[in-house]
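So the chains spell out like this:
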Amino acid sequence: MGELILPVPVMMIEDQPAFNDQLKMILMNLGYPKELIMSTRNLAEAEALLQQHLPNLIFIHVGIDPIARLNFIKKLKHIHPDSYVITILAQQQTALLFDAIQSGAQGYVFHHHTDIEIINNIKSILRGGAPIHHDLAQYILSRQIKATANKTVLAFTTYEYEILNLISKGLNSQQVANQTDIPLYKIEGNIKNTYRKIASLED
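J.: Looking at this structure, how should I read the overall build of the chain?
T.: A tally of regular secondary structure across the chain gives nine helices and five strands. Reading the helices (α) and strands (β) of the chain from amino to carboxyl end gives β-α-β-α-β-α-β-α-β-α-α-α-α-α. Referenced to the eigenvectors of the C-alpha coordinate spread, the extents of the chain come out at roughly 45 × 40 × 25 Å. A burial count over the chain gives 47% of its 203 residues as buried. Looking at the chain alone, contacts between residues at least 24 apart form 69% of all its contacts between residues at least 6 apart. One finds the centroid of the 17 positive side-chain charges in the chain at a distance of 4 Å from the centroid of its 19 negative side-chain charges.

Written out as structure tokens, the structure reads:
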């Protein structure tokens, strides 16, 4: 992780104590000082921490009270647009994950992820990319996004479509890079661009 700049402070909005402790230990092992990791289960307290400390890395569990927490993501991205927002989900709730990305989240971790999987997803985001798995790629490709009077249709580049298509078939980002001879950082960058397009859509 030495090649990455660790954004601080960190705020975790997580309702499961065991995962909260696991995530905190992972962050400390990556080099985050314990005193710069804030944790809360309460959105009101999270809003106060956001105003006082402007955390640069935010983990937020959206499975509980999702409407309020998705709105919180939108609010914090408005207040602090350069922050990294990583959503936490108890399971692969693909539609909710899509909604979190549309609200401004740049990545995700699942409660069932191993430490290595969580670390890899965090690294991808901090490198300027974004993680993605086949269920999410399938959902993005199958979702029909229609033009409205105020928004243009979500349009993928050739690379973005190819990456989504390959990942939807079960490949991971490294395997896509190997198969297409596109460097991994460009694969991750194209996924991030796809997320940005989703975030630009109206609800």
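Still to come is the rest of the account.
J.: I'm lost on helix α2 (residues 43-53) in this one. Help?
T.: Within an α-helix, residues lying three or four positions from one another point in the same direction, as the helix has 3.6 residues per turn. The set of residues buried in α2 consists of L43, A46, L49 and L50. Along the axis of α2, the buried residues cluster in a sector spanning 110°; they form a single face. Looking at α2, the residues exposed on the side facing more than 90 degrees away from the buried face are A44, Q51 and Q52. Summarising the contacts, the buried residues of α2 are in contact with β1 (10-13), β2 (37-40) and α3 (66-79). The N-capping residue of α2, defined by a side-chain oxygen 2.8 Å from the backbone nitrogen of A44, is N42.

J.: What's the story with the layout of surface pockets in this structure? I'm lost.
T.: The gaps left among the atoms become clear once a water-sized probe is rolled over them. Space inside the largest pocket adds up to approximately 460 Å³. Considering the residues around the largest pocket, the lining is formed by 20 residues, among which N120, N121, P131, I132 and N172 are closest to the centre. For the lining of the largest pocket, the element with the most residues is helix α5 (residues 115-126), which contributes five residues.

J.: Looking at this structure, I do not really get the nonpolar core. What am I missing?
T.: Counting residues in hydrophobic clusters, the biggest one holds 42 residues, and the most contacted among them are M11, I13, F72, I132, L136, I191 and Y195. The dominant element in this core, judged by the number of residues it contributes, is helix α4 (residues 94-103), at five residues. Once residues lying within four places of it in the same chain are set aside, the contact partners of I13 are T40, L43, A46, I58, F59, I60, H61, R69 and F72. Membership of the second largest hydrophobic core comes to 20 residues, among which are L23, I37, I86 and I118.

J.: Hey, could you run me through the packing of aromatic side chains in this one?
T.: Applying the stated criterion across every chain yields a total of two aromatic pairs. Residues Y108 and F110 carry aromatic rings whose centres are separated by 5.2 Å and whose planes lie at 35° to one another, so their mutual orientation is tilted. A relative accessible area of 3% means that Y108 is categorised as buried.

J.: Can you help me understand the sheet that holds β2 in this one?
T.: Backbone hydrogen bonds are what pair the strands of a sheet, in a parallel or an antiparallel way. The sheet built from five strands is open, its strands ordered β2-β1-β3-β4-β5 with parallel pairing. Among the strands making up the open sheet, the edge pair consists of β2 and β5 (107-110). In this sheet, adjacent strand axes meet at a mean angle of 20° when their direction is disregarded. With four bridges joining them, β1 and β2 adopt parallel strand pairing. Within the sheet, the bridge partner assigned to V10 lies in β2 and is I37.

J.: Explanation requested: the pairing of β1 in the structure shown.
T.: As a general feature of sheets, a regular strand has side chains that alternate between the two faces. Burial along β1 is two-sided: V10 and M12 and M11 and I13, pointing in opposite directions, are all buried. Traced from β1 through helix α1 (residues 17-29) to β2, the parallel crossover comes out right-handed. As defined by bridge partners, β1 adjoins strand β3 (residues 57-61) across four bridges and the pair is classed as parallel. Opposite V10, over in β3, you have L57 as the bridge partner.

Criteria and cut-off values
- Residues numbered from 1 in each chain as written.
- Predicted model: local features only at pLDDT ≥ 70, side-chain atom pairs only at ≥ 80, totals over all residues.
- Heavy atoms only, no water.
- Helix = DSSP H or I, 4+ residues; strand = E, 2+ residues; numbered from the N terminus.
- Buried < 20%, exposed > 50% of the residue type's maximum accessible area, 1.4 Å probe, protein only.
- Contact = heavy atoms within 4.5 Å.
- Lys, Arg positive; Asp, Glu negative; His and termini not counted.
- Charge placed at Lys NZ, Arg CZ, Asp CG, Glu CD.
- Arc of directions from axis to C-beta.
- Polar contact = N/O pair within 3.5 Å; in protein donor to acceptor, adjacent residues only side chain to side chain.
- 1 Å grid on protein atoms, 1.4 Å probe; cavity = no way out; pocket = protein on both sides within 12 Å on 5 of 7 lines; lining within 4 Å.
- Points joined across faces, edges and corners; volume = space filled by probe spheres on them.
- Core = buried A, V, L, I, M, F, W, Y, C linked by side-chain atoms within 4.5 Å.
- Phe/Tyr/Trp six-rings, centres within 6.5 Å; stacked < 30°, edge-to-face > 60°.
- Pairing = 2+ DSSP bridges.
- Axes fitted to C-alpha atoms, helices over the stretch in contact; angles between N-to-C directions.
- Right-handed = clockwise from strand over helix to strand, strands pointing away.

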